[in-house]
Structures are given as C-alpha cells and as structure tokens.
Amino acid sequence: MIELKKAGFSYGDGAILADVNVHLAKGSFHFLTGPSGSGKSTFLKLCYQALMPSAGTVKVLGKDVRAMTQDDIAMVRRRIGVVHQDCQFLDHLSLAENVLMPSQVSGRDVRDDLTNFNQLMDWVDLMDRINALPAELSGGERQRAALARALILSPDVILADEPTGNVDWAMGKRLLGLLIELNKMGKTVVVATHDMNLIREAKSEVPARVLRIQNNSLLVSGADL
Amino acid sequence: MNKLKIAWARAQDLLSGDQSADRVVPPSGYTSSLTSFVAGAMAFLSVFALALSLATGRLAERWSNELANTSTVRISAPEGQAAEQAKIALEILKVTPGISSARLMTQEEQRRLLAPWFGDQLPMENLPIPSLIEILEDSQGPDVQGLKLRLAAEVPGAVLDDHTRWRRPFVTAASRLRLLGLISIVLIFVSMAAMITLAAQSALSANDQVIKVLRLIGAKNSYIVKAFVRRFTIRALLGSTFGTLFAMLFILFLPRVAEEGAFLTGLGFRGWHWILPMFVPFLAALIAFVATRIAAKHTLQGPS
Ligand SMILES: Nc1ncnc2c1ncn2[C@@H]1O[C@H](COP(=O)(O)OP(=O)(O)O)[C@@H](O)[C@H]1O
Ligand SMILES: [Mg+2]
C-alpha cells in the first residue's frame, strides 16, 4: 500500500530520515518506534503527504507522491485514516460533526455514513458524548474520537501517531485492542509509539513487524525486540 | 444555455444547500461582521449615488428641453404704436434664420401669465402692458446678438428676452453631477471589493488551522474555497440588503419639493426607477463572491 525507496527527509539543515526502504504491505501490522524526536511523526507524514520526501521515492496506493496534485493528495487522504498525535479536531464543532467531517468534505451524502457512524460510536464507546465539543473530552475520549474519524470512510490503511500518548495504561490497551481488531478485518495498520510495553503487549495477539528509527535510518525487525 | 443552468445550480447550491458546510468555517467574530457592515454601508451610499445620478439626469434633460425652444420679444411702445411695432417685429422674426415660429400672444394668454402676481381680475385694457411675442427656436437657434441689433434699429420698443439662456451652464453642471454619481457608484463597488478581499484574506489566515485540518481529512481546495465564499457572499448579501432598504426608505421619506426649483430636494426615484436600487444587493453579493473566491484560491495555492 505504501512503499518508500531510498527515501530521505530533512527540514532544512540536518537530515531527519535518510535512505529509508520499506514496504507496508496490504493487511500488515507495523509498529514504528524510536526515541522521542527520532522522526516517527515525520515518517508518517511522508506516508500521508503532509511532507514530501527530500530524496528517493514514496509511493502511496500505487502512485508516486511527487506526481500528485493537491486534489490527488485529497483523494489519497480519503483512503488513509490518520490518527494524529494531537488529534487535529475542529474545535468549534461537536464530536459527531468532527467524526463525520471526512464524509462531509468528500462530498458524500453524510446520511449514507450514519449507520457506520453509529456502529463506530458504539465500538469506541462514545455514543453518549457525541454532542460534546473537543475541549470537553478527556484524553482517552479524544483519542477514540480521532480513531473513529479516521475510520468513518472505511479506509484501507490506518496510520496512528502515538494513539496511546495521553491515556492511562488500561485505555492504551483498549485502543491497541481496537487497532488489532481492525487489522484482523484486513486493514493495513501502522502504529507509531515510543512505548515498548505496548508493543510487547501486542506481540501475542498480532504478527507485527517493528520498524525502529535510529540515527536517522529505519531498521526493520520481526516481532521480537 | 447549459452554462447558465450550471451557474444557476451553483448559485442555488451556494445559497441554500447543506447547513453543515457553512459550519466548517468557525463564526469568526469581527471579519464577518465587518463584511456585513461594509456591504451595508456601501450599498447605502451607492443607492444615494444612484438617486443622485437619476435626479440630475432628469434635471439636465428637463432644462435642456426648455432651453431648446423658447424666448420672447417684449414691446413697450406708446399707445397707438404698439400694434405697428409688433407687426414689424413679427416680420423681422419670420425671416430670421434659427427661428421656426413667432407669434403675438393674445391678451388672454398674457392675463394668465400675470395672474400669479396680480390675480386674474386684472383689467388689461386700461394698463400699458407690453405686447409679447413668443418665439419658438429651431435646433440651431438664432444669432442672438445680430437679432438684438436689428430689432433695436427697426423696432425701438422691442427687447429680446432670451430668459432661459442663463440656464445653459446649469445643464452642463447637472450632466457633470450625473457623471459624478456614476463614477461614485463604480468607486463604491470597487472599494467594497477591496475591503471584502482584505476581510476574506484575514479570515483565511485566522483560520489556517481549520484549513489545515480540512486538508488532512481529505478536503479539496474547491471545498474550502466554497466554504469561505459562501460565508462572505451571504454576509455581503444580508448587509447590502439592509443598507439598500434603509437608503430606499430614507429616500422615500425625503420631504417632497417641486423638482424644478431645487435639485437636491428632487433627489429620489421616479416610477420604474425604484427597481434599480434593488439590484444593489445582488451586485454586492456577486462582488463578494468573486473577491472571496480570488482571495481564497490565491491563499490556498501553496503546498498542503
Ligand atoms: N516543522 C519542523 N521544522 C523543523 N524541525 C522539525 C519540525 N518538525 C519536527 N522537527 C524535528 O524533527 C525531528 C523529528 O520530529 P518528529 O518526527 O516529530 O519525531 P517523533 O515523532 O519521533 O517524536 C525532531 O528533532 C524535531 O525537532
Ligand atoms: Mg511524534
């Protein structure tokens, strides 16, 4: 689904990522790990075209990102669900409006997605919070709402950036469970986290590969650490 | 025809359509109320400028019509000579180029002319009232100086009174005023376009976080442009509707004075001209639509 070849990225001066080669195949589950500031978010941003590679190629859904127009990028983002590190909600809209926003902006009839919306709200257990504003949600609620929004258009790929960053261990385990469930439904999942315990926790439940960013390069290993 | 249909569908889409699209842009306090206010004030001013143009246009037309035709020759002569002198004067006038007809006014007509001052019971027979000859000029008009000299030589009691000629500079002035009104209307709408562009740009930069989020969840630029354009078009339409209505009511209740006398108090709309100011809100909305669209497209051109 997503393929990086000799990809590199720098914000200007020093390189953040260099010579990255990886293929995120359909239906795979990847953890992306590395210390804080190592470039996990940067890697994910290359995957959903918030950043363009400074070197090498990035192919998403079969297309070279350099050849994409802004409209092409918009179309790709409708097929990739992203759980952003800081959630990225529209603060003046309710949880329900935020979760349905991808459906709204893609010009679909929002009513067609209401069944999906109801199921998602049950699944992430936020049904009784749908009228709350983002500022009124707890950390765990925000993360689950962000996950629900990432899934509203039933994307093939889910990229989650520190989805358990602001929540306690129990909630973290619960969110991980949801992501594993999605992978079992055939979706390609990438979870960026610096939390090793979370990765160990998942090991028994899903055959995940671990990508580790170290000294600006990406090391690929099996499920073992 | 097809293009027209598409344009119409777009307009409907813009004005009715789904409420939620409108909520995407947060209700950003001052830029949108600024837009309403500017649109309202500009609409108000443009309605007045329009009224001024129309009123001065009417005045210029009326005055130049009056100028076009009449002047008079007044003959004050001792009793007994008046009739003779009038006859000579008439003969001179008939052969003068630039005059299409000349006619001695009857006593009855003169009485009517004097009635405002002396009442209609005036015993004309016993008064030394001068005889009046009414002259209708053709489009060229006579050589006034030459005619005056000739009359002085041959009809000692005759005075040529070209009483409307003094108004000629006023006709020019009135036409200039109309032009001024039209230029004002153009300037008003250009200023409105500029101010709405600035307001739209400031709203776009104030909402860069919203725009970023919309892009992250797969919004195309056209969607974002539409959300902003909608907001500003509706604001401009509402504001200018209020401004226009207010100006029209104001003009409707201006004290009425005969238009011939004082041209500023003749400010107003006559008959079907009342329809013209009603186009102002639509023009304002169209300007807001175009200005916001250009501003938004320009701002969003950068990388996502
Ligand atoms: N917009 C930016 N401009 C410059 N440097 C940045 C920017 N964003 C992140 N960085 C730097 O890039 C590095 C990697 O950041 P990031 O990908 O967010 O790391 P992680 O997600 O692993 O914590 C960090 O050193 C950070 O300071
Ligand atoms: Mg990060």
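Notes on the overall build of chain A
Looking only at helices and strands, chain A has seven helices and 10 strands in total. For a compact globule of 225 residues, the expected C-alpha radius of gyration is about 17 Å, and chain A comes in at 17 Å, within 12% of that figure. A separation of at least 24 residues holds for 68% of the contacts in chain A among residues at least 6 apart in sequence. Of the charged side chains in chain A, 25 are positive and 26 negative, and the gap between their average positions amounts to 6 Å.

Digging into the coordination of the magnesium ion (ligand 2)
At 2.0 to 2.4 Å from the magnesium ion (ligand 2) lie its protein donor atoms, namely Ser41 of chain A (OG) and Gln85 of chain A (OE1). Here Ser41 of chain A is found in helix α1 (residues 40–47), whereas its partner Gln85 of chain A is found in the loop between β6 (80–83) and α3 (95–105), with 44 residues between them in sequence.

Regarding the environment of Thr35 of chain B
Residues and elements named next belong to chain B. Structurally, Thr35 can be placed in helix α3 (residues 29–69). Judged by relative accessible area, Thr35 falls into the buried class, the value being 1%. Remark: the alpha-carbon pair of Thr35 and Arg112, spanning 77 residues in sequence, is separated by 59 Å. Once residues lying within four places of it in the same chain are set aside, the contact partners of Thr35 are Ile196, Ala199, Phe232, Arg235 and Ala236.

A look at the packing of aromatic side chains
The geometry of an aromatic ring pair is captured by two quantities: the separation of the ring centres and the angle between the planes. If you walk through the whole model with that rule in mind, you get seven aromatic pairs over all chains. Aromatic rings pair up to connect Phe44, Phe48, Phe246 and Phe250 of chain B into one cluster.

A look at the pattern of salt bridges
Within the structure shown, the criterion is met by 12 salt bridges over all chains. Of the charged contacts, one joins Lys5 of chain A and Glu3 of chain A as a salt bridge, the two residues approaching to 4.0 Å between their closest N and O atoms. Relative accessible area serves as the criterion here: at 27%, Glu3 of chain A is assigned to the partly exposed category. Where salt bridges share partners, they join Arg103, Glu109 and Glu134 of chain B into one cluster.

Some remarks on the domain arrangement of chain B
Domain boundaries assigned for chain B yield domain 1 (18–64 + 177–299) and domain 2 (77–156). Inter-centroid distance (C-alpha atoms) of domain 1 of chain B to domain 2 of chain B is 57 Å.

Let's talk about empty space enclosed by the protein
Residues and elements named next belong to chain A. Scanning the entire structure with this criterion turns up four cavities of 30 Å³ or more. Considered as a void within the structure, the largest cavity measures approximately 130 Å³ in volume. Lining the largest cavity are 15 residues; nearest its centre among them are Arg77, Ile80, Gly81, Arg149 and Ala150. If you list the elements that add at least two residues to the lining of the largest cavity, you get α2 (70–79), β6 and α5 (139–151). Tallied by class, residues from the lining of the largest cavity come to 10 nonpolar, two polar and three charged.

Some points on the sheet that holds strand β3 (residues 131–137) of chain B
Residue and element names in this part refer to chain B. With antiparallel pairing, the four strands of this open sheet are ordered in space as β2-β3-β1-β4. The strands lining the two open edges of the sheet, one partner per strand, are β2 (99–104) and β4 (158–161). Taken pair by pair, the neighbouring strands of this sheet meet at an average axis angle of 20°, ignoring direction. Pairing of strand β1 (residues 70–75) with β4, which is carried by four bridges, proceeds in the antiparallel orientation. Bridging across to β4, Val73 finds its partner in Leu160. Sitting on the sheet, helix α6 (residues 144–154) touches β1, β2 and β4, and the angle it makes with β4 is about 165°.

Section: the site of ligand 1
Residue and element names in this part refer to chain A. Residues in close proximity to ligand 1 include Tyr11, Ile16, Pro35, Ser36, Gly37, Ser38, Gly39, Lys40, Ser41 and Thr42, which together make up its full environment. In this structure, Tyr11 approaches ligand 1 through a side-chain N or O atom, which is 3.3 Å from a nitrogen atom. Within the backbone of Lys40, an N or O atom sits 2.8 Å from an oxygen atom of ligand 1. With three residues, α1 is the single largest residue contributor to the shell around ligand 1. Partitioned by chemical class, the residues of the shell around ligand 1 number three nonpolar, six polar and one charged.

Some points on α1 of chain A
Counting buried positions along α1 of chain A gives seven out of eight residues, so the element sits mostly inside the fold. Within α1 of chain A, the full set of buried residues consists of Lys40, Ser41, Thr42, Phe43, Leu44, Leu46 and Cys47 of chain A.

Remarks on the environment of Pro277 of chain B
All names here are of chain B. For Pro277, the location among the structural elements is in the loop between α9 (221–252) and α10 (280–300). Note on Pro277: relative accessible area 0%, which makes it buried. Look past the residues within four positions of Pro277 in its chain and what remains in contact with it is Val47, Leu50, Thr244, Met248 and Phe269.

What counts as what
Residues numbered from 1 in each chain as written. Chains lettered and ligands numbered in written order. Predicted model: local features only at pLDDT ≥ 70, side-chain atom pairs only at ≥ 80, totals over all residues. Heavy atoms only, no water. Helix = DSSP H or I, 4+ residues; strand = E, 2+ residues; numbered from the N terminus. Rg over C-alpha atoms; globule rule 2.2 N^0.38 Å. Contact = heavy atoms within 4.5 Å. Lys, Arg positive; Asp, Glu negative; His and termini not counted. Charge placed at Lys NZ, Arg CZ, Asp CG, Glu CD. Donors = N, O, S within 2.8 Å, 3.2 Å for Na, K, Ca; no water. Buried < 20%, exposed > 50% of the residue type's maximum accessible area, 1.4 Å probe, protein only. Phe/Tyr/Trp six-rings, centres within 6.5 Å; stacked < 30°, edge-to-face > 60°. Salt bridge = Lys/Arg side-chain N within 4 Å of Asp/Glu carboxyl O. Domains from an automatic or database assignment. 1 Å grid on protein atoms, 1.4 Å probe; cavity = no way out; pocket = protein on both sides within 12 Å on 5 of 7 lines; lining within 4 Å. Points joined across faces, edges and corners; volume = space filled by probe spheres on them. Nonpolar A, V, L, I, M, F, W, Y, C, P; charged D, E, K, R; others polar. Pairing = 2+ DSSP bridges. Axes fitted to C-alpha atoms, helices over the stretch in contact; angles between N-to-C directions. Near = heavy atom within 4 Å. Polar contact = N/O pair within 3.5 Å; in protein donor to acceptor, adjacent residues only side chain to side chain.

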